[in-house]
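Architecture at a glance
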Amino acid sequence: MSRPKPGYSAIALASAALTGGRQWRPLWRRAPLQEAYDVVVVGAGGHGLATAYHLARDHGVKRIAVLDRHLVGYGNVGRNTTVVRSNYLLPENHYFYEDALRRWQTLSRDLNYNVMYSPRGVVDLAISDDEMTAYARRGNAMRLAGIDAELLDRVGLRRFVPEVDLEVPRRFPIVGGLLQRRGGTVRHDAVAWGYARAAAALGVEIIERCEVTGVRSSGNVATGLETSQGYVRADRIVFAVAGHTGAIGTLLGVPLPIETHLLQAMVTEPIKPLLNTVLIYMYEHGEVYISQSDRGGLVMGGMLDGLPSYTREGLWFRLEDVVQAAVALLPQIGGLKLLRHWAGTNDMTMDGSPIMDRLRFDNVFLNGGWCYGGFKAIPASGAAFATFVANGTAPDLIRPYRLSRFATGHLIDEKGAGPFPARQ
Amino acid sequence: MLISCPWCGPRELEEFRFRSVVAGGNDATAWNAPRAFAEVYERTNVPDASIEYWQHDRGCRAWLVVQRDPSTAAVLAVRLLATEVET
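Considerations on the overall build of chain B
- What chain B contains, in helices and strands, is one helix and six strands.
- Moving toward the C terminus, one meets the helices and strands of chain B in the order β-β-β-α-β-β-β.
- Residues counted as buried form 36% of the 87 residues belonging to chain B.
- A separation threshold of at least 6 residues defines the contact pool for chain B, and within that pool the share at least 24 residues apart is 40%.
- Carbon and sulfur atoms provide 55% of the accessible area of chain B, an area that totals close to 4,800 Å².

Quick notes on unusual backbone geometry
- Phi angles above zero are rare outside glycine, and Arg360(A) is one such case at about 65 degrees.
- The exposure class of Arg360(A) is exposed, given its relative accessible area of 53%.
- Unusually for a residue other than glycine, Ala73(B) sits at a positive phi of about 70 degrees.
- Position of Ala73(B) relative to the elements: it lies in the loop between strand 5 (63-69) and strand 6 (74-80).

Remarks on the interface of chain A and chain B
- With 26 residues of chain A at the contact, the number on the chain B side is 22 residues.
- Overall, the association of chain A and chain B removes approximately 1,900 Å² of surface from exposure, summing both partners, and the carbon and sulfur fraction of that is 65%.
- Our enumeration of links across chain A and chain B arrives at one salt bridge.
- Ionic pairing is found between Glu259(A) and Arg43(B), a salt bridge with its closest N-O pair at 2.7 Å.
- Along the contact surface separating chain A from chain B lie six residue pairs in polar contact (both at pLDDT 80 or more).
- If you list the elements that add at least two residues to the side of chain A that touches chain B, you get helix 7 (245-251), strand 12 (258-268), strand 15 (298-308) and helix 10 (405-408) of chain A.

A short note on the sheet that holds strand 13 (residues 278-283) of chain A
All names here are of chain A.
- The eight strands are arranged 5-6-4-13-14-15-12-16 in an open sheet whose pairing can be described as mixed. A single partner strand is all that each edge strand has here, and the edge strands are strand 5 (150-152) and strand 16 (338-349). Ignoring which end each strand starts from, the neighbouring axes of this sheet average 20 degrees apart.
- For strand 14 (residues 286-292) and strand 15, the ladder comprises four bridges, and the chain directions are antiparallel. By the bridge assignment, Ile290 is partnered in strand 15 with Met300.

Some thoughts on the pattern of salt bridges
- Across all of its chains, the model carries 24 salt bridges over all chains by this definition.
- Close ionic contact of Arg68(B) with Glu52(B) constitutes a salt bridge, the shortest N to O distance being 2.8 Å. Of the two residues, Arg68(B) sits in strand 5 while Glu52(B) sits in strand 4 (residues 50-55), which places them 16 residues apart along the sequence. For the residue pair Arg68(B) and Glu52(B), the accessibility class agrees, reading buried in each case.
- Look at the salt bridges and you will find they share partners, linking Glu98(A), Arg102(A), Asp148(A) and Arg182(A) into a network.

Points about helix 1 (residues 33-41) of chain B
- Within helix 1 of chain B, burial applies to Arg35(B), Glu39(B) and Tyr41(B).
- Those residues of helix 1 of chain B hidden inside the fold are in contact with strand 12 and helix 10 of chain A.

Side note on the packing of aromatic side chains
All names here are of chain A.
- Counted under the stated rule, the structure contains 16 aromatic pairs over all chains.
- Their ring planes at 80 degrees and their centres at 5.1 Å tell us that Phe96 and Tyr97 sit as a pair that is edge-to-face. Each of the two residues, Phe96 as well as Tyr97, counts as buried.
- Between Phe365 and Phe388 the ring centres are 5.1 Å apart and the planes differ by 85 degrees, which places this aromatic pair in the edge-to-face class. Note that Phe365 is positioned in strand 18 (residues 361-368) and Phe388 in helix 9 (residues 378-391), a separation of 23 residues in sequence. Across this residue pair, the class does not change: Phe365 and Phe388 are buried.

Structural notes on the domain arrangement of chain A
Residues and elements named next belong to chain A.
- Splitting chain A by domain gives domain 1 (34-79 + 188-256 + 355-410) and domain 2 (103-184 + 260-349).
- Each of domain 1 and domain 2 has a C-alpha centre, and these two points are 29 Å apart.
- For the domain 1 and domain 2 pair, buried surface summed over both sides reaches about 2,200 Å², with 60% attributable to carbon and sulfur atoms.
- Inspection of the domain 1/domain 2 interface yields zero salt bridges.
- One can count 11 residue pairs in polar contact (both at pLDDT 80 or more) joining domain 1 with domain 2.
- When contributions to the side of domain 1 that touches domain 2 are tallied by element, the ones reaching two or more residues are helix 2 (46-59), helix 6 (188-201) and helix 9.
- Ranked by residues supplied to the side of domain 1 that touches domain 2, first place goes to helix 6 with seven residues.

So, the pairing of strand 12 of chain A
All names here are of chain A.
- With 11 of 11 residues buried, strand 12 is to be regarded as a mostly interior element.
- The alternating pattern of strand 12 places Ile258, Thr260, Leu262, Gln264, Met266 and Thr268 on one face and Glu259, His261, Leu263, Ala265 and Val267 on the opposite face, and all of these are buried.
- Note: strand 12 against strand 16, 11 bridges, orientation antiparallel. Bridge pairing links Met266 to His341 in strand 16.

Rules of the game
- Residues numbered from 1 in each chain as written.
- Chains lettered and ligands numbered in written order.
- Predicted model: local features only at pLDDT ≥ 70, side-chain atom pairs only at ≥ 80, totals over all residues.
- Heavy atoms only, no water.
- Helix = DSSP H or I, 4+ residues; strand = E, 2+ residues; numbered from the N terminus.
- Buried < 20%, exposed > 50% of the residue type's maximum accessible area, 1.4 Å probe, protein only.
- Contact = heavy atoms within 4.5 Å.
- Areas by Shrake-Rupley, 256 points an atom, 1.4 Å probe, with all protein chains shown as cover.
- Buried area = accessible area lost by both parts, 1.4 Å probe.
- Salt bridge = Lys/Arg side-chain N within 4 Å of Asp/Glu carboxyl O.
- Polar contact = N/O pair within 3.5 Å; in protein donor to acceptor, adjacent residues only side chain to side chain.
- Pairing = 2+ DSSP bridges.
- Axes fitted to C-alpha atoms, helices over the stretch in contact; angles between N-to-C directions.
- Phe/Tyr/Trp six-rings, centres within 6.5 Å; stacked < 30°, edge-to-face > 60°.
- Domains from an automatic or database assignment.

Below, the structure written as structure tokens:
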């Protein structure tokens, strides 16, 4: 059991500056795998680490391990485009993501780690009057739930995002938008590191390069996990493996309503401050969401590649789509070069909403199916899922995301796209 | 990345559209509610083997059955859905 680390503060920073930084220690201890734990969490990404942190902090669970086949934060928590928002139409979604957004607002203080939450606003741009009607409906649904939303006409848009020249001729002219001011960005690596540090300070053991290869069971109860570092016994097992959730179903012999698809992201070379918000510009065959990082690069993403893949190698034509949409939106960035480009695996469900439920065994819990929206959900998911694992009953906030909803027809299909994961 | 259309020969992936994963068999006599649910919603995610419906929708518009390896993106076999012609 490692002792809690001294907290970060202005005094700690000043004293470290005077002593050459010798007092800084690694954020978490590299632990060897023990024989048995109360809870083993598989996946040291945002959801796994947050779940472990809340199990230790809120429910007093003592022996917790978080295993990862690679490194902390190597997966989707470090591959997304860092956007947080709660601008959903359906009540199940907007209450859940609003819980997350409220937690993002105080997370730096809660973890004693600066995650750089930046409420710079998120604007969904509309390209037709019909879309404005749909945005008005979504905004009203949010406001009825106590969530901030503002419908912007062209005048309002010009005032809020002067960088977007609305007079530029575009194939899909911009007529307005839906703004959520408290939406914005959070530095994603800091989220992984902050949760890992805070969990480790509470005694959670983080074991990297430990791949799970099988589950041992006895009747309705799983007894432990086969891993690349040997067998480990566990009273309860949590899977939070993002893009490989479908493969976990296959490992346990349970087909899941999930396909794994690729999503690309890219960043330009850094430039001086240009964009003060997050813009989302979508039309029939293309899409871009774009924001400027604190380093100055323009971070962009778009649609899924559109076919099942685990390769993490994005396809060229989708990269072109995203860049074309970005340049159509902001012609002034046309001369910039791309600095980096990458892809992540997304566990796409049949209704575009996550799955938080037991899986096959009474003591095996699945936190997955996050599609491309997992990052913004991390604080709410961690807190609610820890309650589920500790008490055995899912809190109201996440009960709609049960696995049986597909069989009973209680789908949460925000996009109304039907059972086609590639279109969600 | 190329897909070899039985009619058109090797063409860029961009010409094709992935439609859905082939979830079950194609024995139409065995249809019932649980079977239909499984066909629509359930996926056996084996990372190195996937059988899928594709369409050459920016080409000859033929529907295809494509066997792929999603872990390497390799296309293993392509045949026409209509005639089951091996290529």
